[in-house]
Amino acid sequence: MANNLLTPIVNNRTRSVNFFNGRLLTGEDLTAEQQANRVAHSLLGQAAGAGVAYGLEVSESATLSQVASPVLSITRGLAINSNGGTLLLDSDTDISLVRPASPATAGSSVFAECLPMQSGVYIAGAGVYLLTIGPASATQGLAEVSGVSTGAAPCNSKYKADGVQFRLVQLDLTQTELGDVNHLRNVVAYKCFGVADWATNVADPFGASSNGHGLIDQLRAANTITGCEVPLAVLYWTATDGVVFVDMWAVRRALVSRDLLDAWAPEAGRRRTVEGLAMFLQFEAQINDLIEATPSQGTLGTINANQFFRFLPPAGILRLAGATSLGFDYGKFFSSKTSRGPLFIEGAKVGPLMRMSFSYPPVDLTNPEMVWLYWVRENQEPGVQSSPTTQPYLIFTNGHVPFQALAQFDLNYWNYANFI
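Undergrad: Lay out helix α9 (residues 350-357) with the relevant residues and their values.
TA: For α9, the set of buried residues is Val350, Leu353, Met354 and Ser357. End-on view of α9: buried residues confined to an arc of 95 degrees, all on one side of the axis. In the core, the buried residues of α9 are packed alongside α6 (270-293), β13 (315-319), β14 (339-345), β16 (371-376) and β17 (393-398).

Shown next, in the form of structure tokens:
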């Protein structure tokens, strides 16, 4: 029978206990009240979206890590999983990636919703691993009891404390992919971004895969990781070199709520913009690591993008060599790619250009389509360039991103505005 208008349609998930004077309360009543609050909080979490809210930055520990027993440092922070659960790490922590043979148990731990957990030592030759954060809880202290026997009471824990725990999941990569170490970081990142799945969706939006877009969605569909967990980073770990790289932005995402557009037109949803930002940040992090690992300007100046990248983000900032700073030679970096420029743009256009680019596909370095190259006027003026502390840079974009270097009289600087 259909419900009438203005007839309340109630749910049992957020049902709370009705308190009144004279009511006899039981432990079950208070537990039901706690459960209703947890459900309400999880619904708010789902509305806010899943991902990392702040913090939870992952790096290899500079002081504790060793080749045989790597240690990761993780900063305090907050994440929300796709079930709406909050994952709070209240202080910076170090995580050893090799579990002790007989770990000591400190209280009872609960992680039932996120089983199965992997056990044992992860390392075996070389592999790429996904680091996730998930919920855990433990009981603390003993409460005074009444009305139970004088023996040990199994229910008299004083507190139930929420917490988090971390685990690694080995990613299934081919021997060819693992053997190409130079491109491995970029290839894994764009597997996680789901570039092939997005391209398929554009070609045929009616036949989109039910497994979602990208490697993380595939792992969720296979129940390898659960809705309780939030990805934090991927890392490449070998028996001889230890942790070779830690890449957060391959899998780290800002909060993204469920989108009505995802069901039919995911390209138009908010997720696409968030992943475009992640592509940009992943590239900048890898470029910075490459500069730190290549302290010689002579070597940096010979690097071609194809040596380390299969894809570039739809827009990026490339550091160039300065008077006292290391950087790349843009001519050499893009020598295998058709390009136009560099042309001048005003600094006022940089922010809008970057935000606009997040909705565009990445640059495929095997594709002959061109890229735009731009100087930023404020960075190239003689007074700025003559400063030894100035870091020169260049902006590149996918050729499909609208052209930005159109001159505007009385708005652009004459010598830096591409007047023809």
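Undergrad: Give a description of the pairing of strand β4 (residues 77-80) that names residues and reports values.
TA: The side chains of a regular strand alternate, residue by residue, between the two faces of the sheet. Two elements, strand β1 (residues 51-55) and β4, share four bridges in a ladder whose sense is antiparallel. Paired with Gly51 across the strands is Ile80, a residue of β4. Where β4 lies against strand β5 (residues 86-89), four bridges are found, and the strand directions are antiparallel. Bridging across to β5, Ala79 finds its partner in Leu87. Between the end of β4 and the start of β5, which pair antiparallel, lie five residues, with Gly84 showing a positive phi angle near 90 degrees.

Undergrad: Account for the sheet that holds β14, naming residues and giving values.
TA: Pairing within the open sheet is mixed, and its four strands lie in the order β13-β17-β16-β14. The sheet terminates laterally at β13 and β14, the two strands that pair on one side only. For this sheet, the mean angle separating the axes of adjacent strands, direction not counted, is 25 degrees. Packing of α6 onto the sheet brings it into contact with β13 and β17, and relative to β13 it is tilted by some 15 degrees.

Undergrad: Run through the nonpolar core, naming residues and quoting values.
TA: One broad rule of soluble globular proteins: the nonpolar side chains tend to lie buried together. Grouped together as the largest cluster of nonpolar side chains are 25 residues, with contacts concentrated most on Val128, Leu130, Leu171, Leu184, Val188 and Val234. When residues of this core are traced back to their parent elements, those giving at least two are β8 (126-142), α3 (181-193), α5 (215-221), β10 (230-238) and α6. A per-element tally of this core places α3 first, with six residues. Discounting chain neighbours no more than four positions away, the residues touching Val128 are Val169, Gln170, Leu171, Leu173, Leu178, Leu184, Val188, Val234, Leu235 and Tyr236.

Undergrad: So what's going on with the pattern of salt bridges? Which residues, and what values?
TA: Counting across every chain of the model gives 13 salt bridges. Among the salt bridges present, the one from Glu229 reaches Arg167, with a minimum N-O distance of 2.5 Å. Highlighted residues: Glu229 in the loop between α5 and β10 and Arg167 in strand β9 (residues 157-170), separated in sequence by 62 residues. In this structure, Glu229 and Arg167 share a single accessibility class: buried. As a salt-bridge pair, Arg185 and Asp247 come within 2.9 Å of each other at their nearest N and O atoms. Here Arg185, found in helix α3, pairs with Asp247, found in strand β11 (residues 242-247); they are 62 residues apart in sequence, far enough to count as distant. Judged by its relative accessible area of 8%, Arg185 falls in the buried class. Each of the salt bridges in this network shares a partner with another, and the network as a whole consists of Asp217, Arg253, Arg271 and Glu275.

Undergrad: Can you lay out a nonpolar patch on the surface for me, pointing to particular residues and giving the numbers?
TA: A surface patch of nonpolar side chains, amounting to about 270 Å² of accessible area, comprises Phe19, Leu25 and Leu30. Mapped onto the secondary structure, Phe19 falls in the segment before α1 (27-48). Taking relative accessible area as the criterion, Phe19 reaches 43% and is therefore assigned partly exposed.

Undergrad: Explain the packing of aromatic side chains residue by residue, including any values.
TA: What the rule picks out here adds up to 14 aromatic pairs. Each ring, one from Tyr190 and one from Phe193, has its centre 4.9 Å from the other, and the planes form 70 degrees; the classification is edge-to-face. Here Tyr190 pairs with Phe193, and both are found in helix α3, just three residues apart, close to one helical turn. For the pair formed by Tyr190 and Phe193, the shared burial category is buried. Aromatic pair Tyr236 and Phe245: ring centres 5.8 Å apart, planes at 35 degrees, arrangement tilted. There is no split in this pair, since Tyr236 and Phe245 are both buried. Taken together, the ring pairs in this structure connect Phe283, Phe309, Phe328, Phe333, Phe334 and Phe396 into an aromatic cluster. Just above the ring of Trp249 sits the side chain of Arg252; from NZ or CZ to the centre is 5.3 Å. Over the face of the ring belonging to Trp198 we find Arg272, whose NZ or CZ atom lies 5.0 Å from the ring centre.

Undergrad: Tell me about the sheet that holds strand β3 (residues 71-74), residues and numbers included.
TA: Read across the sheet, three strands follow the order β2-β3-β6 without closing on themselves; strand pairing throughout is antiparallel. Edge positions in the sheet fall to β2 (58-60) and β6 (93-96), since each has one partner strand and no second. Direction aside, neighbouring strands of the sheet carry axes that sit 30 degrees apart on average. One ladder, built from three bridges, connects β2 with β3; its direction is antiparallel. By the bridge assignment for β3, Val58 is matched with Ile74.

Undergrad: A description of the confidence of the model for the protein chain should follow, citing residues and the corresponding values.
TA: Chain-level pLDDT for the protein chain is 84 on average; 84% of the residues reach the 70-or-more range. Confidence, expressed as mean pLDDT per element, reaches its minimum in the protein chain at strand β7 (residues 109-110) with 38 and its maximum at strand β12 (residues 311-312) with 97. Under a pLDDT of 50 for its full length, residues 103-124 has, in the predicted model, 45 contacts with residues more than four places off or in other chains.

Undergrad: Describe in detail the environment of Asp162, supporting the description with residues and values.
TA: Residue placement: Asp162 occurs in strand β9. For Asp162, the residues in contact, after removing those within four places along its chain, are Arg38, Ala136 and Ser137.

Criteria and thresholds
Residues numbered from 1 in each chain as written. Predicted model: local features only at pLDDT ≥ 70, side-chain atom pairs only at ≥ 80, totals over all residues. Heavy atoms only, no water. Buried < 20%, exposed > 50% of the residue type's maximum accessible area, 1.4 Å probe, protein only. Helix = DSSP H or I, 4+ residues; strand = E, 2+ residues; numbered from the N terminus. Arc of directions from axis to C-beta. Contact = heavy atoms within 4.5 Å. Pairing = 2+ DSSP bridges. Axes fitted to C-alpha atoms, helices over the stretch in contact; angles between N-to-C directions. Core = buried A, V, L, I, M, F, W, Y, C linked by side-chain atoms within 4.5 Å. Salt bridge = Lys/Arg side-chain N within 4 Å of Asp/Glu carboxyl O. Patch = residues over 30% accessible without salt bridge, like charges linked within 9 Å, V, L, I, M, F, W, Y side chains within 5 Å. Areas by Shrake-Rupley, 256 points an atom, 1.4 Å probe, with all protein chains shown as cover. Phe/Tyr/Trp six-rings, centres within 6.5 Å; stacked < 30°, edge-to-face > 60°. Lys NZ or Arg CZ within 6 Å of the ring centre and 35° of its normal. pLDDT = per-residue confidence, 0-100.

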